[in-house]
Amino acid sequence: MDKQHQAQQQLAPLREQIDSIDSQLVQLLAERAKVTALVGKVKQHFALAVYVPEREQVLLAARREQALAQQVSPDLVEDVLRRIMRESYATQENHFVCCRAGGGKVVVVGGAGALGQRFVSLFQRSGYDVVVLDQADWPQAVAICANAALVLLAVPITLTEQLINQLPVLAANCILADITSIKQQPLGAMLAKHAGPVVGLHPMFGPDITNLVKQVVVVCEGRDAEHCQWLLQQLTVWGAELVRKTASEHDKAMQLIQAMRHFSSLVYGTHLAEEKADLNQLLQLSSPIYRLELAMVGRLFAQNAELYADIMLSSADVAALLERYQQRFSELLQLLKSQDKTGLMAQFGKGQQFFGELAGQFLQESKQLLQKAADSRS
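Okay, so let's go over this structure. Fair warning: this is a prediction, and the values are worked out from it, not measured in the lab.

In this section: the side chain of Ser 286. Positionally, Ser 286 belongs in the loop between helix H10 (279-285) and helix H11 (288-300). A polar side-chain atom of Ser 286 sits 2.9 Å from the main-chain carbonyl oxygen of Leu 283.

Dropping the structure here:
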């Protein structure tokens, strides 16, 4: 009997045990899913948030401790549990409790758009009477908006102010809100247009998300914050994390978070194109971190070009910010060209001092992302 045959004979019963254990794991996952579905029903009945970070942290800490006692990697257990919990959140979002007494009419201006459709679905599953107001519907805008509890604008940046001004007179208690990625100008236009409750919202996600759990929505108060509470509670019930900022604070941050990042990705992507880079070869030779960076750049080019151009053009301050970035790029390039290792290390030290303790936190977070990037290599 050769070694290969001996190995197969010894492996066969072990593989059968693994298959049996895996089958039990699937059964346990099915049982867990049934329980989490019941949890979701209870949460919705009492208008509780889908995502409770404190509960999640307690659960993960307990299982990590158990893993150590069983001589199993705590990181492995946490990774598996996070994936399971992400799936369980999705099973809890078929129907939501309505956070406004009596429900009411919700008008989504631009509701046929990608992100608009997402909010139309969420409001419908929460028991609201949802009406879409799109380009062809403006002749009926008065009737569509009559007695609305909320008019939500989900339209391109360049059209937001124009369409705010086109709105008919709204009921005094109707909330006027938008989900535009800039806030000062739309918020000002809404306050000028409507005398009732006004709030600016910016969902920090795109239409490709599966649910709102752990997704950030920036809230910029406009007027009558108390009358907007049912809408904010509804966002929380859907699982969103609300971050309150002034419109000015929001727009300044978005110049760095969105406009500058998208522009940098655009430049890098077009540079690869001009250099006639072989993307397949880059992927073949890439480290996990470069694969992740390339994926984030490539992701931009799978999106709507007009939308991202509008984001980059959303503020005149963006050009000045990018000019300062270009100047710093040139300064560091000069250090490189002059072979100034000391100068480059000094710049590195400046970054280390700025990021401080967060650098270590980002290192740990990035390790998890990089592992996923490595796992996805085919």
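Structure shown, so let's carry the discussion forward.
Strand order in the open sheet formed by seven strands is S2-S1-S3-S4-S5-S6-S7, with mixed pairing between adjacent strands. The sheet terminates laterally at strand S2 (129-133) and strand S7 (241-244), the two strands that pair on one side only. In this sheet, neighbouring strand axes are inclined to one another by 25 degrees on average, regardless of whether the strands run parallel or antiparallel. With four bridges joining them, strand S6 (residues 216-223) and S7 adopt parallel strand pairing. Directly across from Val 218, in S7, lies its bridge partner Val 243. Contacts from helix H4 (residues 114-124) reach strand S1 (105-109), S2, strand S3 (148-153) and strand S5 (198-203) within the one sheet, and its direction differs from that of S2 by about 160 degrees. On top of the sheet, helix H7 (residues 184-193) reaches strand S4 (175-178), S5 and S6; it is set at about 155 degrees to S5, its chief contact.

This brings us to the pattern of salt bridges. Summed over the entire model, instances satisfying the criterion amount to eight salt bridges. The partner of Glu 78 in a salt bridge is Arg 82, and the shortest N-O contact between them spans 2.9 Å. A residue pair is termed a helical-turn pair when its members lie 3 or 4 positions apart in one helix, as Glu 78 and Arg 82 do in helix H3 (residues 74-91) at four residues. On the basis of relative accessibility, which here comes to 17%, the residue Glu 78 falls in the buried class. Taking the shortest distance from any N to any O, the salt bridge between Lys 183 and Asp 178 comes out at 3.0 Å. Here Lys 183 and Asp 178 have matching classes, each one buried. Among the charged side chains, a network of salt bridges with common partners joins Glu 56, Arg 64, Asp 75, Glu 78, Arg 82 and Lys 214.

Reading the values: the criteria
- Along each chain, residue indices are assigned from 1 in the same order as the chain's sequence is written.
- Totals for whole chains, interfaces and linings use all residues, but because this is a predicted model, local features are given only for residues with pLDDT of at least 70 and pairs of side-chain atoms are given and counted only at 80 or more.
- Working from all heavy atoms in the structure, the side-chain values ignore hydrogens and water.
- Numbering of helices and strands starts at the N terminus; helices are DSSP runs of H or I of at least 4 residues and strands are runs of E of at least 2.
- Two N or O atoms form a polar contact when they lie within 3.5 Å of each other; inside protein one atom must be a possible hydrogen donor and the other a possible acceptor, and for residues adjacent in sequence the pair counts only when both atoms belong to side chains.
- Two strands form a pair only when DSSP identifies at least two bridges running between them.
- Axis definition: a line fitted to C-alpha atoms, limited for helices to the stretch in contact. Angles are taken between N-to-C directions and run from 0 to 180 degrees.
- Contacts: residue pairs with any heavy atoms within 4.5 Å of one another.
- Put simply, a salt bridge is a Lys or Arg side-chain nitrogen that is within 4 Å of an Asp or Glu carboxyl oxygen.
- Using a 1.4 Å probe on the protein chains alone, a residue whose accessible area is under 20% of its type maximum counts as buried, one over 50% counts as exposed, and one in between counts as partly exposed.

Just distances and angles here, no functional claims.
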